[in-house]
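These are the residues of each chain, in order.
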Amino acid sequence: MNWFLSDFNIKAWRFVKHYEFETAPSMTLIYGPPGVGKSSLLNFLNQNRKKEGSILIDSTSFSRQYAFAAQENKLPRFRQYYRAASLLLLDDLQCLAGKKQTIEEILFTYENIVQRGGKMVAVLETDMLNLNFLGDRLTSRLLSGIVIPINKPLGYEVEGFVEEYSHRLLLSMDPAIPEMIAQRTESLTEAQKVLHGFLEYAEYHNDELSKQCFLSYWQEEVRKQSQELSPMNILRATAQVMGFTLEEIISSTQKSSVNEARQLAIYAMRTLCKLSYPAIASYFKRRHSTIITAYKKMEEKLLEDQELFNRYQEIKNKFKDIAKE
């Protein structure tokens, strides 16, 4: 398995590397932040168990297939395929938020697999383990076996990854660059993306892989990122338009003016970035049900309050990608 190993992911890697079907629990849940290799683990496990009837699928695809099967009266065939799996590997559980019928189908699928002597391994992308959006029954099944966290890598771990990856690419660059990348990124995927962006920038400018070249590249990236339609940029734009700091917007204070600004940020993140409620909840460290309530309240306010609607438009117009809509 060609995978970077360190303290933040060693427990999950050891479990998958030495996965023994006969002694494994009926359910295994692996969770962690984006870009730490969770899906790679599932792929590795699938390759090792494919001859024995493993099935790997992400939750969005499962939901779409289920809906299509129900529409076309093909549910028996759909269920026969997934419920006959010896090992079901289900990725991206966070995408099930709000999909009650799919959640129920997965619950029954799991119970059928276990009755046949099979197992299930599921992956959830989250910093903090919160399964409320899956309902009590599926949550209890997910927590009934082994729960394995993959932590966010520390700076020295990201730096080590960049060094190892750059050696693999046979790069000749300033030895300070891995640390510079690590100081600006929080995951292995993000660090890899920055490294490739830097390589493209240096090639385009016919420059060496030097510290100065990287600083020039990063200055350009910061400029671009400030104009991107992203959740954090929406939070910053909302704070600016509403006259608060970013810290106040994401804080727990219930002051009415701050709360209204927070609701507007939630509404903008949902409508402009198309984020799921659980994904938005992670930015505010709140339950996804609270986020749903905030979104609906702001939706009603915008129909009645012209000044508030104008502020929403002001936030929206800050982003070039949607300014023309």
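Everything that follows concerns the structure shown earlier in this document.
Being a predicted model, the structure only gives us computed values, none of them experimental.

Rules of the game
Along each chain, residue indices are assigned from 1 in the same order as the chain's sequence is written. Selection of residues for local features in this predicted model requires a pLDDT of at least 70, selection of side-chain atom pairs for listing and counting requires 80 or more, and totals for whole chains, interfaces and linings are taken over all residues. Processing note: side-chain calculations cover all non-hydrogen atoms of the structure and skip hydrogens and water entirely. To qualify as a helix, a DSSP run of H or I must reach at least 4 residues; to qualify as a strand, a run of E must reach at least 2; elements of each kind are numbered from the N terminus. The classification of residues rests on relative accessible area computed with a 1.4 Å probe and restricted to protein chains. Under 20% of the type maximum is buried, over 50% is exposed, and intermediate values are partly exposed. Throughout, a contact is declared for two residues whenever any of their heavy atoms are within 4.5 Å. Where accessible areas are quoted, they stem from the Shrake-Rupley method and a 1.4 Å probe; at the residue level, only the protein chains shown are allowed to cover. For salt bridges, the criterion is a side-chain nitrogen of Lys or Arg within 4 Å of an Asp or Glu carboxyl oxygen. It is the directions from the helix axis to the C-beta atoms whose arc is reported. The term polar contact refers here to a pair of N or O atoms within 3.5 Å; inside protein, the definition further demands a hydrogen-donor-capable atom paired with an acceptor-capable atom, and it admits residues adjacent in sequence only when both atoms are side-chain atoms. We treat two strands as partners when DSSP finds at least two bridges between them. Axis geometry follows a simple rule: fit a line to the C-alpha atoms, using only the stretch in contact for helices, then measure angles between N-to-C directions, giving values from 0 to 180 degrees. We define a nonpolar core as any set of buried Ala, Val, Leu, Ile, Met, Phe, Trp, Tyr and Cys residues linked to one another through side-chain atoms lying within 4.5 Å. Pairing of aromatic side chains here covers Phe, Tyr and the six-membered ring of Trp, requires ring centres within 6.5 Å, and sorts the geometry by plane angle: under 30 degrees stacked, over 60 edge-to-face, intermediate tilted. With a 1 Å grid laid over protein atoms only, a set of points is called a cavity when a 1.4 Å probe fits there but cannot get out and a pocket when it is open yet has protein on both sides within 12 Å along at least five of seven lines; lining residues have an atom within 4 Å of a point. Grid points are joined across faces, edges and corners, and a volume is the space filled by probe spheres set on the points.

(A) Spatial organisation of the overall build of the chain. When helices and strands are tallied, the chain shows 17 helices and five strands. Its C-alpha atoms put the chain at 60 × 60 × 35 Å along the principal axes. For the chain, buried positions account for 46% of its 325 residues. Summarising the internal contacts of the chain: among those between residues at least 6 apart in sequence, 72% fall at separations of at least 24. Split by element, the accessible area of the chain, about 17700 Å² in all, is 47% carbon and sulfur.

(B) Highlighting the pattern of salt bridges. Here the structure, examined in full by the defined rule, presents nine salt bridges. One salt bridge connects Glu105 with Arg83, and the closest N-O pair in it is separated by 3.1 Å. Taken together, the positions of Glu105 in helix α5 (residues 100-115) and Arg83 in helix α4 (residues 75-83) put the pair 22 residues apart, joining distant regions of the chain. Each member of the pair, Glu105 together with Arg83, is buried. One salt bridge connects Glu260 with Lys301, and the closest N-O pair in it is separated by 3.7 Å. With Glu260 in helix α13 (residues 256-273) and Lys301 in helix α15 (residues 288-304), this residue pair connects regions lying 41 residues apart in the sequence. The partly exposed category is assigned to Glu260, whose relative accessible area is 25%.

(C) Geometry of helix α16 (residues 306-316). Buried within α16 we find Leu308, Tyr312, Ile315 and Lys316. End-on, the buried residues of α16 take up no more than an arc of 100 degrees, which puts them together on one face. Residues of α16 that are exposed and point over 90 degrees away from its buried face: Gln306 and Glu307. Regarding α16, its N-cap is Asp305, as a side-chain oxygen of that residue lies 3.1 Å from the backbone nitrogen of Glu307 further along.

(D) Geometry of the sheet that holds strand β4 (residues 119-125). Taken together, five strands build an open sheet; the order of strands is β2-β3-β4-β1-β5 and the sheet is parallel. Pairing within the sheet leaves two strands with one partner each, and these edge strands are β2 (54-58) and β5 (146-149). Sheet twist, expressed as the mean angle between neighbouring strand axes with direction ignored, is 15 degrees. Two strands pair when backbone bridges link them, and strand β3 (residues 87-91) and β4 are joined in this way by four bridges, in the parallel orientation. In the strand pairing of β4, Leu88 is matched with Met120. Here helix α3 (residues 59-71) sits on the sheet and contacts β2 and β3; the angle it forms with β2, its principal contact strand, is near 95 degrees.

(E) Here's a closer look at the nonpolar core. Judged by nonpolar contacts, the single largest core of 44 residues is most densely connected at Tyr19, Val121, Ile181, Phe198 and Phe214. Within the residue set of this core, elements represented by two or more residues are α1 (10-17), α2 (38-49), β3, β4, α7 (155-168), α8 (177-182), α9 (188-204) and α10 (211-225). A per-element tally of this core places α9 first, with eight residues. Setting aside residues up to four positions removed in sequence, Ile181 forms contacts with Val162, Ala191, Val194, Leu195 and Phe214. Residues Ala239, Val258, Ala261 and Ala268 belong to the second largest nonpolar core, which totals 32 residues.

(F) Region of interest: the packing of aromatic side chains. Under the defined criterion, the tally for this structure stands at 17 aromatic pairs. Summarising the aromatic geometry, the rings of Phe4 and Phe161 are spaced 5.7 Å apart at their centres and angled 75 degrees between planes, so their arrangement reads as edge-to-face. Placement of the pair is Phe4 in the segment before α1 and Phe161 in helix α7, with a sequence separation of 157 residues. In this structure, Phe4 and Phe161 share a single accessibility class: buried.

(G) Spotlight on the layout of surface pockets. Approximately 310 Å³ is the volume attributed to the second largest pocket. Around the second largest pocket, the lining is made up of 19 residues, and of these Trp3, Val36, Gly37, Ser40 and Thr189 lie nearest the centre. Among the secondary structure elements, those contributing two or more residues to the lining of the second largest pocket are α2, β4, α7 and α9.

(H) Just unusual backbone geometry, in detail. Residue Asn73 is not a glycine yet carries a positive backbone phi of 55 degrees. Mapping Asn73 onto the fold places it in the loop between α3 and α4. Residue class for Asn73 comes out exposed when judged on its relative accessible area of 69%. Positioned with a positive phi, Asp92 is a non-glycine residue whose angle comes to about 55 degrees. Summarising the element assignment, Asp92 is placed in the loop between β3 and α5. The class for Asp92 is partly exposed, based on a relative accessible area of 22%.

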